[in-house]
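Letter by letter, the chains look like this.
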Amino acid sequence: MIPENTGPAAVIVLAAGAGTRMKSRTPKILHEIGGRSMVGHALLAARSVNPRQLAIVVRHERDLVARHLADVDPAAVIVDQDDIPGTGRAVEVALQALDADQHLTGTVVVTYGDVPLLSGELLAELVATHEREANAVTVLTAVLDDATGYGRILRGEDGTVTGIREHKDSSEAERLIREVNSGIYAFDAAVLRDALAHVTTDNSQGEKYLTDVLGLARESGGRVAAVVTADRWQVEGANDRVQLSALGAELNRRTVEAWMRAGVTVVDPATTWIDSSVTLDEDVRILPNTQLHGTTTVARDAVVGPDTTLTDVTIGEGATVTRTHGSGAVIGARAAVGPFTYLRPGTVLGEAGKIGAFYETKNVTIGRGSKLSHLGYAGDAEIGEDTNIGCGNITANYDGEKKHRTVIGSGVRTGSNTVFVAPVTVGDGAYSGAGAVIRKDVPAGALVLTVAAQRNTEGWVAANRPGTRSAELAQAATKDSSSTPASTEEGNQP
């Protein structure tokens, strides 16, 4: 049986603003920190309090935002703000849309799409306080060292909130108040619905203000209270790139610290960036200048870094990944990758395998214990177990129009600078000589050689580069003073 929903009646996320100070073609709420859009963070916090309904109010770049929301939270109700400006109107149209489905009763939470560090725990505390005290309105507030520009919270002798005074309208005494309005509220649905019907646009900005609801609620005999947070970051919004960067740095600091407290060693937190969606096991070790993005997961005792950037990569227990750039790859237990390795999507490295220095891989499955040690490329390929791919090997998988597949068996040993011209199959236990260009299938246990006869043209340097250092050294090294160059051919085929 599904447990009864015990969260608020609704959470309304306001996300209609243009965010012009971002100076970006990307809507403000779609800018990312910690691997997730700001509105994605906001919706995650909203969902964590288990609301019966969740609505998000949009306007600027509506279609672009809606497409993003369909990926982030397809169950959220998208509500379009009309031409009447103001936060009060935004909440009103959201409430009307939700009431059309079911007349709301209970608690309605209002928050914002550009407050990415707001936690579900703080929202839950706001809802719990609001319902426990039977408030008409409960406002989330913060205490700042410098409250310049923020609306000040005015309180009565009994501690209840008597009003919110905007900075420009505050007296000198009121400007000394450090408790400020976050703009995040819990409302009784009936109080909110009735008050919004009486809020007007009769003000200097011509907007319908949500803050007017507080005064109307008090006039009707309702109690207005506050929940104070000492953590200002949870109510900070991002209006420009500077604020976005500061929020991103703070989120990362918290993320890295949380992983360290969970048993992960982070050698240099200042140069380590970990997305919110990354998963790390105990005893993972992260070395300096490492970035872990997307759905990257790292198992126990693995070591990642230094100078490594991974996106959507799965790393097995005890593996090491050094100076590597990778995405969409799987690295098996006790495998080794790097340094200076590029893992492209579809790379699967088996247990105890190796992809070494200056290697690029794409769409390749590498079996247990197989090694691709240095200076090569493997793409669109399947490599068996316990195979050793020599230095400088490549799979020539593209014919100019189509990609083709290379299959290399288990126990194969390939010489340096072997080229596999796909489509081609190399059987189990086969060997290749240095410089082989494999264009046809190789049977199991066979040796493949494609070596041309070697030609030495003696005296060529003296004849063609006279007076050079090379010519001087060659003359000193040879006892043959013949002035006539001779050509010889030697075959070195078995």
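None of the values given here were measured: they were computed from a predicted structure. Numbering of residues starts from 1 in each chain and follows the order in which that chain's sequence is written. At least 70 in pLDDT is required for a residue's local features to be given in this predicted model, at least 80 for side-chain atom pairs to be given and counted, and no such filter applies to totals for whole chains, interfaces and linings, which use all residues. Working from all heavy atoms in the structure, the side-chain values ignore hydrogens and water.

Caption draft 1: Representation of helix α3 (residues 87-101). The first and last C-alpha atoms of α3 sit 22 Å apart over 15 residues, in line with the 21 Å expected at 1.5 Å per residue. The set of residues buried in α3 consists of Gly-88, Arg-89, Ala-90, Val-91, Glu-92, Val-93, Ala-94, Leu-95, Leu-98 and Asp-99. Buried residues belonging to α3 abut β1 (10-15), β4 (53-58), β5 (77-80), β6 (107-112) and α5 (189-196). The helix and strand labels rest on DSSP assignments: H or I over at least four residues marks a helix, E over at least two residues marks a strand, and numbering proceeds from the N terminus. To estimate how far a helix should reach, multiply one less than its number of residues by 1.5 Å. Summary of the burial criterion: residues with accessible area below 20% of their type's maximum are buried, those above 50% are exposed, and those between are partly exposed, where the area comes from a 1.4 Å probe applied to protein chains only. Two residues qualify as a contact provided that any one of their heavy atoms is within 4.5 Å of a heavy atom in the partner residue.

Caption draft 2: Up close: the side chain of Thr-324. Residue placement: Thr-324 occurs in strand β22 (residues 324-327). Using a relative accessible area of 3% as the deciding quantity, one classes Thr-324 as buried. With residues up to four places along the chain from it excluded, the contact list for Thr-324 reads Asp-307, Thr-308, Thr-309, Leu-310, Val-337, Gly-338, Thr-341 and Leu-343.

Caption draft 3: A look at the pattern of salt bridges. Definition used for salt bridges: Asp or Glu carboxyl oxygen within 4 Å of a side-chain nitrogen of Lys or Arg. With the rule as written, the count across this model stands at 27 salt bridges. One salt bridge connects Glu-174 with Arg-165, and the closest N-O pair in it is separated by 3.1 Å. Residue Glu-174 is classed as buried on the basis of its relative accessible area, which comes to 15%.

Caption draft 4: Fine view of the packing of helix α1 (residues 38-48) against helix α2 (residues 62-72). Closest axis-to-axis distance for the α1/α2 pair is 11 Å, and the angle between their directions is 45°. Looking at the two axes, α1 sits oblique to α2. Where α1 crosses over α2, the handedness of that crossing is right-handed. For the pair α1 and α2, the contacting residues are Val-39, Gly-40 and Leu-43 in the first and His-68, Leu-69 and Val-72 in the second. The residue makeup of the contact of α1 with α2, split by class, is four nonpolar, two polar and no charged. Angles here are taken between N-to-C directions and fall from 0 to 180 degrees, while the axes themselves are lines fitted to C-alpha atoms, restricted in helices to the stretch in contact. If an angle is under 35 degrees, it is roughly parallel; if it is over 145, roughly antiparallel; if it lies from 65 to 115, roughly perpendicular; otherwise it is oblique. By convention the crossing between two helices is left-handed if the near helix lies anticlockwise of the far one by an angle smaller than a right angle, and right-handed if it lies clockwise. Polarity classes work like this: nonpolar for Ala, Val, Leu, Ile, Met, Phe, Trp, Tyr, Cys and Pro, charged for Asp, Glu, Lys and Arg, and polar for all others, with Gly in that last group.

Caption draft 5: Just the confidence of the model for the protein, in detail. pLDDT gives the predictor's per-residue confidence on a scale running from 0 to 100. Per-residue confidence for the protein gives a mean pLDDT of 93; residues scoring 70 or more make up 96%. Across residues 488-494 the pLDDT falls below 50, and counting only partners more than four positions away or on other chains, this stretch makes eleven contacts in the model.

Caption draft 6: Seen up close, the packing of aromatic side chains. Ring pairs are drawn from Phe, Tyr and Trp, using the six-membered ring of Trp, whenever the two centres fall within 6.5 Å, and their geometry is named by plane angle: stacked under 30 degrees, edge-to-face over 60, tilted for the rest. Taken as a whole and assessed by the stated rule, the structure comprises two aromatic pairs. When the ring of Phe-340 is compared with that of Phe-358, the centres are 5.2 Å apart and the planes differ by 15°; the resulting orientation is stacked. Within this pair, whereas Phe-340 is found in the loop between β24 (336-337) and β25 (341-343), its partner Phe-358 is found in strand β27 (residues 354-366), the two being separated by 18 residues in sequence. Both a distance and an angle decide whether a charge sits over a ring: NZ of Lys or CZ of Arg must be within 6 Å of the ring centre and within 35 degrees of the ring normal. Between Arg-232 and the ring centre of Trp-233, over which it is positioned, the NZ or CZ distance is 4.3 Å.

Caption draft 7: Local environment of the packing of α5 against helix α6 (residues 212-219). Where α5 meets α6, the axes come as close as 9 Å, and the angle between the chain directions of the two elements is 110°. One finds that α5 runs roughly perpendicular with respect to α6. Seen from α5, the contacting residues are Val-191, Leu-192, Ala-195 and Leu-196; seen from α6, they are Val-213, Leu-216 and Ala-217.

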